Amino acid sequence: MYSAQDARRRHCRQTRRRHRAAAVADLIGSLARSEREGRLQERIRFLCRPSLLIVDEIAYLPVVQGGGNLFFQLVNARYDGVP
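The text that follows walks through the structure, step by step, so that each part is easy to find. (Residues numbered from 1 in each chain as written. Predicted model: local features only at pLDDT ≥ 70, side-chain atom pairs only at ≥ 80, totals over all residues. Heavy atoms only, no water.)

1. With respect to the packing of helix 2 (residues 24-36) against helix 4 (residues 67-80)
Formally: Simply put, an axis is a line fit to the C-alpha atoms, just over the touching stretch for a helix, and the angle between two N-to-C directions goes from 0 to 180 degrees. By definition, any uninterrupted DSSP run of H or I lasting at least four residues is a helix, any uninterrupted run of E lasting at least two residues is a strand, and each is numbered from the N terminus. Oblique is the label for every angle not falling under 35 degrees (roughly parallel), over 145 degrees (roughly antiparallel), or within 65 to 115 degrees (roughly perpendicular). Pairs of residues are marked as contacts when any of their non-hydrogen atoms sit within 4.5 Å. Three classes are used, and their members are as follows: Ala, Val, Leu, Ile, Met, Phe, Trp, Tyr, Cys and Pro are nonpolar, Asp, Glu, Lys and Arg are charged, and the others, Gly among them, are polar.
Closest axis-to-axis distance for the helix 2/helix 4 pair is 9 Å, and the angle between their directions is 95 degrees. On the basis of their axis angle, the class for helix 2 and helix 4 is roughly perpendicular. On the side of helix 2, the interface is formed by Val24, Leu27, Ile28, Leu31, Ala32 and Glu35, while helix 4 contributes Gly67, Leu70, Phe71 and Leu74. When the residues that make up the contact of helix 2 with helix 4 are grouped by side-chain class, the tally is eight nonpolar, one polar and one charged.

2. Brief notes about a positive patch on the surface
Operational definition: In this scheme, patches are assembled from residues that exceed 30% relative accessible area and form no salt bridge. Like charges are connected within 9 Å, while nonpolar side chains (Val, Leu, Ile, Met, Phe, Trp, Tyr) are connected within 5 Å. All accessibility values rest on the Shrake-Rupley procedure with a 1.4 Å probe; residue burial counts only the protein chains present in the view. Salt bridges are identified by distance alone: a Lys or Arg side-chain nitrogen within 4 Å of an Asp or Glu carboxyl oxygen. In this tally Asp and Glu are treated as negative and Lys and Arg as positive; neither His nor the chain ends contributes. Charge coordinates come from a single atom per side chain, which is NZ of Lys, CZ of Arg, CG of Asp or CD of Glu.
On the surface, Arg18, Arg20, Arg45 and Arg49 cluster together into a positively charged patch. Looking at where Arg49 falls in the secondary structure, it is placed in the loop between helix 3 (40-48) and strand 2 (52-56).

3. As for the pattern of salt bridges
Note the following rule: Relative accessibility thresholds used throughout: buried, under 20% of the residue-type maximum; exposed, over 50%; partly exposed, between the two (1.4 Å probe, protein chains only).
Scanning all chains against the criterion turns up one salt bridge. Here Glu37 and Arg39 are joined by a salt bridge, their closest N and O atoms 2.6 Å apart. For Glu37, a relative accessible area of 46% puts it in the partly exposed group. For Arg39, a relative accessible area of 33% puts it in the partly exposed group.

So far we have only geometry, and geometry alone does not tell us how the molecule works.
Written out as structure tokens, the structure is:
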């Protein structure tokens, strides 16, 4: 049995669209690490490249302090079409 996430991945492969899937905790951890290293905008641009970003486990885990703001910056950049 396939999940909706598997179906989206399969569709992206078939249409040759780039995609990335990650748990929200992993995304926020990656963004926080990049912010500490002074590379936040570079990381956000990297995560804006795929045409589809699948964020999993968004309602299961608590978000660390400041993580919600980092996640919002990513969503906002994708919405604005940051190159």
